[in-house]
Amino acid sequence: MSALSNWSWDYDGWIVLAGILCAVAASLPGNFLLLRRMSLLGDAISHAILPGLAVAFLITGSRSSLPMFLGAVIVGLLTAVFTEWIRNFGEVDEGASMGVVFTTLFALGLVMIVQAADHVDLDPGCVLYGSLETTTFDMVNVAGTEIPRVVLVLAAVTVINLVVVVLFFKELKLSAFDPALATTCGISARLMHYLLMIIVAVTAVASFESVGNILVVAMFVVPPATAFLLTERLRSMIIVSALIAAVSATLGHVSALVVPSWFGYRSTSTSGMMALCAGILFFAVSLFAPQHGVLIRILRRQRLSRRILSEDLIALLYRMDERKSGVVASIDQLRAALLSGGLMSSLLMKQHARKGHVIATANGYQLTDSGRRLGAELVRSHRLWEQYLVSEGGVAVDRIHGQAEQLEHFTGRELRDRLQQETSAPVLDPHGSPIPPE
Amino acid sequence: MSGSIAQPPNNTLPLSVRDLTVAWYRKPVIWDVGLDVTPGQLVGVIGPNGAGKSTFLKAIMDLVPRASGRIEIFGQSYKRSRHRVGYVPQRESVDWDFPVSVLDVVTMGLYGKIGWCMPVRRHHREAALRALERVGIGEFANRQISQLSGGQQQRTFLARALVQDADLYLMDEPFAAVDAATEKAIVQILREMKQAGKTTIVIHHDLHTVPEYFDSVVLLNMRVVASGPTETVFTRDNLEKTYGGRLTLLDEATEAMRRRERTL
């Protein structure tokens, strides 16, 4: 952690704050972009504003002027407008028309900047990767305190975005979920679209010239996508996305200082590392999310297959018991019949013994009364399904076993009663085996 | 007739459509549609796939641009009578993974009334809950919508239409792929709405249930093939005209026009 020994709140503190503000500001509208499946529009706008910056810059010759800001915002909005035009008139899908618009505008801006680069001080590289590290070079005195200009601008943008999202929460939500209904309610989905585009463009422009493109583009998409995996309500999704954005920014700066030193390098690009941290957080969440995470889904699947095996064991023992009452079956017999793993089967049979479904004897397991009831339910479900598939579905008798074998594990008392009704209460299943009574 | 009619009777019609044409790249989707709907009716719109049924509903609400035609709702333009029209879009038209609760979706029906930037209040949520209970899924109010079955989704949409408390309802296939219990519940609600004097226009696919459900029908295939009371209009002859012959010559002519445009 020696890399952090040079940490200075006057320097690093401002950088982290600038990163947090940019990340939070971008993540707020990003939620709506994500839900409207137009996340890449944030990317497109962020790139397309380059010619706006360049034109305003060439005209005014200054980097921090209001005209430059407005010029870029207007071009950003034009991106959204052009994208829609091309989609409508060119008969191509949204992704393609977006691609056409923003690469063209971006290239135009690049050409203009390079042309102007001889006599002006605007570095295309700096615009792309950002220069968070120079945050404290440009300080403004506010009420006696020296504050970086970047922080002021980004704070203003964050407040604007927050106000828009809070004030128009209902309208943004409805027009994202059901634009047709929004429009018929008098909340023009088109109007909300452009309101969203305005704050996206303002955020992109403000971030572009201070923290660079990569950070804002990442924060439009990644924190909302992460929050989407974790939440079930829009309000909490927005809050969580802002938190994730802030955490990514903080972690990003710290790791930009620390991680390279592990490998003997000097610190790396801060805004790049912030974006990378957001990506890593997303990856972690997609693995570990409590509802939609990859791990929990694997666990659920395994638990289900354990339950099914456990039920299959009891049902098998019941069938053997049917042929020869009071039969004692060894674990090897059971395992061979079910083609299941030895360890898992023994574990599950021990579990059944603990629950009193079976009695463990020296030669194997024997059903108890409660185990017999359990087995009867499963076998009843199985045979009722077989009967149902044949009599109601017209499925061939030799094809029903596999189907019924799956369905029996998801069939409760109520469904069995209905099966019994629909199949007019048969005594034997299609194979001629008796259907146990309830 | 007596001369004491203050307004011409036409003005009180929930819906009056004249010469409506909607085109998509010059190709007419619906063509020269005219229709009058009298109050308190349950109207079924029937026609084959691609006949322009959804487009017809959307054109009524200005959701798609129309090439020509005049539409009056309760004697006024749609814009002025918007608050009297409730819309139930096709279930597939929205993303059911959207992070909102069932109650949220129903409350959306009130957003127009609540007004810009005003918060949703408790009595709005209570009204939404009552509507959910009326369609029989009150217990799902706090679920996320992704957990609903198809029938429950459709009931949610119906509840949302109910809280809108409109006078004219336009429903796009509310019976599509729902279970039998839901279908029964929806029919029940539609009848109650009719009793309350509401007018409802429903796009419908299942020809068997048409005579049972609807007072009058509109047979649509680009143009209105026939419309009127179900018992006189819903005939084999008219159905054959609706489902058999499209205006194939018109199709060919517009296709030729498009080809011409492309080659020039």
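Residues numbered from 1 in each chain as written. Chains lettered and ligands numbered in written order. Predicted model: local features only at pLDDT ≥ 70, side-chain atom pairs only at ≥ 80, totals over all residues.

All names here are of chain B. Spatially, 5-6-7-3-8-9 is the arrangement adopted by the six strands of the open sheet, whose pairing is mixed. Looking at which strands have only one partner, the edges of the open sheet turn out to be strand 5 (85–88) and strand 9 (223–229). Averaged over all adjacent pairs, the angle separating strand axes in this sheet is 15 degrees, with direction ignored. Pairing of strand 3 (residues 42–46) with strand 8 (residues 216–221) involves four bridges; the strand directions are parallel. Opposite Ile46, over in strand 8, you have Leu219 as the bridge partner. Relative to strand 5, helix 6 (residues 150–164) is tilted by about 175 degrees, and along the sheet it contacts strand 5 and strand 6 (168–171). (Pairing = 2+ DSSP bridges. Helix = DSSP H or I, 4+ residues; strand = E, 2+ residues; numbered from the N terminus. Axes fitted to C-alpha atoms, helices over the stretch in contact; angles between N-to-C directions. Contact = placed C-beta atoms within 7 Å.)

Now for unusual backbone geometry. Of note, Ser424 of chain A is a non-glycine position whose phi angle comes to about 50 degrees, a positive value. For Ser424 of chain A, the location among the structural elements is in the segment after helix 18 (413–422). With 8 C-beta atoms counted inside 10 Å, the residue Ser424 of chain A sits in the exposed group. One non-glycine residue, Asp32 of chain B, lies in the positive phi region at around 55 degrees. With respect to the helices and strands, Asp32 of chain B occurs in strand 2 (residues 27–37). On the basis of neighbour counts, which here come to 14 C-beta atoms within 10 Å, the residue Asp32 of chain B falls in the partly exposed class. (Buried ≥ 20, exposed ≤ 12 C-beta atoms within 10 Å, placed from the backbone.)

The subject of this paragraph is the interface of chain A and chain B. Where the parts come together, the accessible area they lose is often given as the size of the interface. Each partner contributes residues to the interface: chain A has 21 residues there, and chain B has 19 residues. Secondary structure elements with two or more residues in the side of chain A that touches chain B: helix 7 (169–177), helix 8 (179–184) and helix 11 (234–262) of chain A. Along the lines of polarity and charge, the residues of the side of chain A that touches chain B split into twelve nonpolar, four polar and five charged. (Nonpolar A, V, L, I, M, F, W, Y, C, P; charged D, E, K, R; others polar.)

Below, the discussion takes up the confidence of the model for chain A. Overall, the prediction assigns chain A a mean pLDDT of 87, with 95% of residues at 70 or greater. Looking at the elements of chain A, mean pLDDT is at its lowest for helix 5 (residues 124–129) of chain A, recorded as 60, and at its highest for helix 7 of chain A, recorded as 95. (pLDDT = per-residue confidence, 0-100.)

Moving on, we get to the domain arrangement of chain A. Here the domain parsing of chain A yields domain 1 (2–291), domain 2 (297–367) and domain 3 (372–422). Its C-alpha centre places domain 1 of chain A at a distance of 58 Å from the equivalent point of domain 2 of chain A. (Domains from an automatic or database assignment.)

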